[in-house]
Amino acid sequence: MGISLDRWRSLLRQPHHHIDPAYWHRAAVITLTSLLSTPLSQLESWRYDAAIAHTELPADPIFILGHWRSGTTLLHELMALDTEHLAYPNTYEVLSPTTFLLTADGFSRWFANFVPTQRPMDNMPISFQSPQEDEFAIALTTLKSYYLALSFPAVEQTYERYLTLQDLSPQERQNWQTQFLWFLKKLTLKYQRPLVLKSPPHTARIRLLLKLFPKARFIHIHRHPYDVFRSMRRYYHTAGWLTYLQAPNLETLDQAILRRYRLLYDAYFEQRSLIPAAQFHEVAFADLEQAPGTQIQALYQQLQLPYSQAFAARVEHYLNARQHYRKNQFSSLNESICQQINHQWQNSFEAWGYQPSNKIR
């Protein structure tokens, strides 16, 4: 909804980006909001560009890595409670990346009722103030993000090249980098604190992120591959239907999930050794669920982050409020898909000690 008119028109002019009739109403709304976003973007640029350009980024942002549905959101929300030392992009900011300095105070209140109170794929609370993935902002400003495939599934594999960014031309990579850093500068100008960023595609971009931020710290969270697969299936059968501008091919869904996981983790396993040991921490989702306070303390100790009593109290309050939260219950996987997961995601089973089988019940 925060795309500017020129980028929206550029997107629609690309091959195979037709909009199916069932989704014309969505395209109409996007067009109308782009007509509003465009002059507001120009006004924000006029008002803030000089200050943004002179803003220096902290040298040590924190990147939360992990595949979608692996617990990255829970970890991000816990760390976002450390408001003394860290800042994060929220939902409004990533959906309005070119206007949020100008519009956040008013629009995030006026349009709050348009945001569902829970995420459809896992029933976790959400609002304009919730910590959110910076990748959404990059998708809107660069048009070089896998997330655009969530609206245009007919060209999904075309957008997969933006997961790792390895096959981009120098010009494309420079454009991506410029827009990414500009967005982070805007956040830094607003909050004046180091950023904790969570976007699963960053899992495959460690080399580039270290080039931009040699002192960056990384936290990787992993989950049993079977649970990741089943949760991804649920995502596409719930939240996926809220983003489409083209009808998806559900018959290819399982293979797409398998392929993207490989793309992400082939790059991760190849690049993770580049991270200095003192700048890296890894945690299992099961351990974070079982003892979140203990795991957060261990994380802070490993990364040498200041751990305040005020932060500890907010974490405890957050966890108490989640006591009645219940995770989704998934149907079992058949033998065929289990064998494919075992084979194609073998590195993950071996790296984290998960046990494969021919059938999960």
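The structure displayed is predicted, hence computed values, not measured ones.

Novice: Even after reading the chapter, I still don't get the overall build of the chain, so can you show me in this structure?
Specialist: Helix and strand content of the chain: 17 helices and four strands. For a compact globule of 361 residues, the expected C-alpha radius of gyration is about 21 Å, and the chain comes in at 20 Å, within 12% of that figure. Projected onto its principal axes, the C-alpha positions of the chain cover 55 × 50 × 45 Å. A buried classification covers 54% of the 361 residues belonging to the chain. Expressed as a percentage of contacts within the chain between residues at least 6 apart in sequence, the contacts between residues at least 24 apart total 81%. Surface accessibility of the chain: about 17000 Å² in total, with carbon and sulfur atoms responsible for 53%.

Novice: Please clarify how the packing of helix H11 (residues 225-237) against helix H16 (residues 335-344) should be interpreted in this entry.
Specialist: For any two helices packed against each other, one specifies the crossing angle of their axes together with the interaxial distance. Viewed as axis vectors pointing N to C, H11 and H16 meet at an angle of 120 degrees, and their least axial separation amounts to 10 Å. Taken together, the axis directions place H11 and H16 in an arrangement best described as oblique. Helix-helix and strand crossings are classified by hand; for H11 and H16 the assignment is right-handed. On the side of H11, the interface is formed by Pro225, Tyr226, Phe229 and Arg233, while H16 contributes Ile337, Cys338, Ile341 and Asn342. Here the residues of the contact of H11 with H16 sort into six nonpolar, one polar and one charged.

Novice: Explain the pairing of strand E3 (residues 217-222) to me, please; I cannot follow it from the model alone.
Specialist: Where a strand is regular, its side chains alternate between the two sheet faces. Of all six residues in E3, six are buried, a share of seventy percent or more. Every second residue of E3 is oriented toward a common face, with Arg217, Ile219 and Ile221 on one face and Phe218, His220 and His222 on the other, all of them buried. Here strand E1 (residues 62-65) pairs with E3 via four bridges, running parallel. Bridged to leucine 65 within E3 is histidine 220. Pairing analysis gives five bridges linking E3 to strand E4 (residues 280-284), with the strands arranged parallel. Its bridge partner lying in E4, histidine 220 is registered against glutamate 282.

Novice: What exactly am I supposed to notice about the side chain of serine 308 here?
Specialist: Relative to the assigned elements, serine 308 resides in the loop between helix H14 (292-302) and helix H15 (309-321). Reaching out from serine 308, the side chain makes a polar contact with the backbone nitrogen of phenylalanine 311 at a distance of 3.0 Å. Setting aside its immediate chain neighbours within four residues, serine 308 contacts Glu84 and His85.

Novice: Looking at this model, I keep getting lost on the packing of aromatic side chains. Mind explaining?
Specialist: Centre distance and the angle of the planes are the two values used to describe a pair of aromatic rings. For the structure on display, the rule yields 23 aromatic pairs. Both rings, one in phenylalanine 63 and one in phenylalanine 218, keep their centres 5.6 Å apart while their planes meet at 20 degrees; by these two values the pair is stacked. Taken together, the residues phenylalanine 63 in strand E1 and phenylalanine 218 in strand E3 connect sequence positions 155 residues apart. With respect to burial, phenylalanine 63 and phenylalanine 218 carry one shared label: buried. Ring centres 5.9 Å apart and planes at 80 degrees place the aromatic pair phenylalanine 100 and phenylalanine 183 in the edge-to-face group. Of this pair, phenylalanine 100 sits in helix H5 (residues 100-110) while phenylalanine 183 sits in helix H9 (residues 170-191), and the two are 83 residues apart along the sequence.

Novice: For this particular structure, what's the right way to read the pairing of E1?
Specialist: Neither face of E1 is exposed, since Ile62 and Ile64 on one face and Phe63 and Leu65 on the opposite face are all buried. Bridging between E1 and strand E2 (residues 196-198) involves three bridges; their strand directions are parallel. Bridge pairing links isoleucine 64 to lysine 198 in E2.

Novice: Help me understand the sheet that holds E3, please; the structure alone is not making it clear to me.
Specialist: By definition, the strands of a sheet pair up through backbone hydrogen bonds, in either a parallel or an antiparallel sense. Spatially, the four strands line up as an open sheet ordered E2-E1-E3-E4, and their pairing is parallel. Every other strand in the sheet has two partners, leaving E2 and E4 as the edge strands with one partner each. Shown here is a sheet whose adjacent strand axes are inclined to one another by a mean of 20 degrees, direction ignored. Along the sheet, helix H12 (residues 253-271) contacts E1, E3 and E4; its crossing angle with E3, the most-contacted strand, is approximately 130 degrees.

Novice: Help me understand H9 in this model?
Specialist: The periodicity of an α-helix, 3.6 residues per turn, causes residues three or four positions apart to be oriented the same way. Helix length check: H9, at 22 residues, gives a terminal C-alpha distance of 31 Å against a target of 32 Å (1.5 Å per residue), a fit within 8%. Where H9 is concerned, the buried positions are Glu172, Trp176, Gln177, Gln179, Phe180, Phe183, Leu184, Lys186, Leu187 and Thr188. One or two positions beyond H9, positive phi appears at glutamine 192, with a value near 60 degrees.

Novice: Hey, could you run me through the nonpolar core in this one?
Specialist: As a rule of thumb, nonpolar side chains are buried together in soluble globular proteins. The biggest cluster of nonpolar side chains holds 84 residues, and the ones touching the most others in it are Phe63, Tyr146, Phe180, Phe218, Tyr236 and Ile341. Tallying contributions element by element places H12 first for this core, with eight residues.

Novice: I keep staring at the environment of glutamine 344 and nothing clicks. Help me out?
Specialist: Inspection of the secondary structure puts glutamine 344 in helix H16. Measuring from C-alpha to C-alpha, the distance between glutamine 344 and arginine 259 comes to 8.3 Å, with 85 residues separating the pair along the chain. Setting aside anything within four residues of it in sequence, one finds glutamine 344 in contact with Gln255, Leu258 and Arg262.

Novice: What should I look at first to understand the pattern of salt bridges in this one?
Specialist: Should the charged atoms of two oppositely charged side chains come close, the side chains can pair. Counted under the stated rule, the structure contains twelve salt bridges. Close ionic contact of aspartate 227 with arginine 230 constitutes a salt bridge, the shortest N to O distance being 2.9 Å. Taken together, the residues aspartate 227 and arginine 230, both in helix H11 and three residues apart, mark about one turn of the helix.

Cut-offs applied
In every chain, residue numbers begin from 1 and rise along the written sequence. The predicted origin of the model limits local features to residues at a pLDDT of at least 70 and limits the giving and counting of side-chain atom pairs to 80 or more, whereas totals for whole chains, interfaces and linings rest on all residues. The basis for every side-chain value is the complete set of non-hydrogen atoms in the structure, without hydrogens or water. Here a helix means four or more residues in a row that DSSP labels H or I, a strand means two or more in a row labelled E, and each is numbered from the N terminus. Only C-alpha atoms enter the radius of gyration, while the globule expectation follows 2.2 Å times N to the 0.38, with N the number of residues. Burial classification: accessible surface area is computed with a 1.4 Å probe over protein chains only, and a residue below 20% of its type maximum counts as buried, one above 50% as exposed, and the rest as partly exposed. Throughout, a residue-residue contact means that at least one pair of heavy atoms, one from each residue, lies within 4.5 Å. Accessible surface area values rest on a Shrake-Rupley calculation with a 1.4 Å probe, where residue burial reflects the displayed protein chains alone. Here an axis means a line fitted to C-alpha atoms, over the contact stretch when the element is a helix, while the angle between two N-to-C directions is reported on a 0 to 180 degree scale. In this scheme, roughly parallel covers angles under 35 degrees and roughly antiparallel covers those over 145, while 65 to 115 is roughly perpendicular and the rest are oblique. Left-handed describes a crossing whose near helix is turned anticlockwise from the far helix through less than a right angle; right-handed describes the clockwise counterpart. Lys, Arg, Asp and Glu make up the charged group, whereas Ala, Val, Leu, Ile, Met, Phe, Trp, Tyr, Cys and Pro make up the nonpolar group; the residues left over, Gly among them, are polar. A strand pair is defined by DSSP finding two or more bridges across the two strands. Between N or O atoms, a polar contact is any pair within 3.5 Å; within protein, one atom must be a potential hydrogen donor and the other a potential acceptor, and residues adjacent in sequence are included only when both atoms are from side chains. Each aromatic pair joins two rings of Phe, Tyr and Trp (for Trp, the six-membered one) with centres within 6.5 Å, and gets the label stacked for planes under 30 degrees apart, edge-to-face for over 60, and tilted for any other angle. One fewer than the residue count of a helix, multiplied by 1.5 Å, yields its expected span. For our purposes a nonpolar core is just a set of buried Ala, Val, Leu, Ile, Met, Phe, Trp, Tyr and Cys residues, chained together by side-chain atoms within 4.5 Å. One speaks of a salt bridge when a side-chain nitrogen belonging to Lys or Arg is within 4 Å of a carboxyl oxygen belonging to Asp or Glu.

Geometry only, nothing functional implied.
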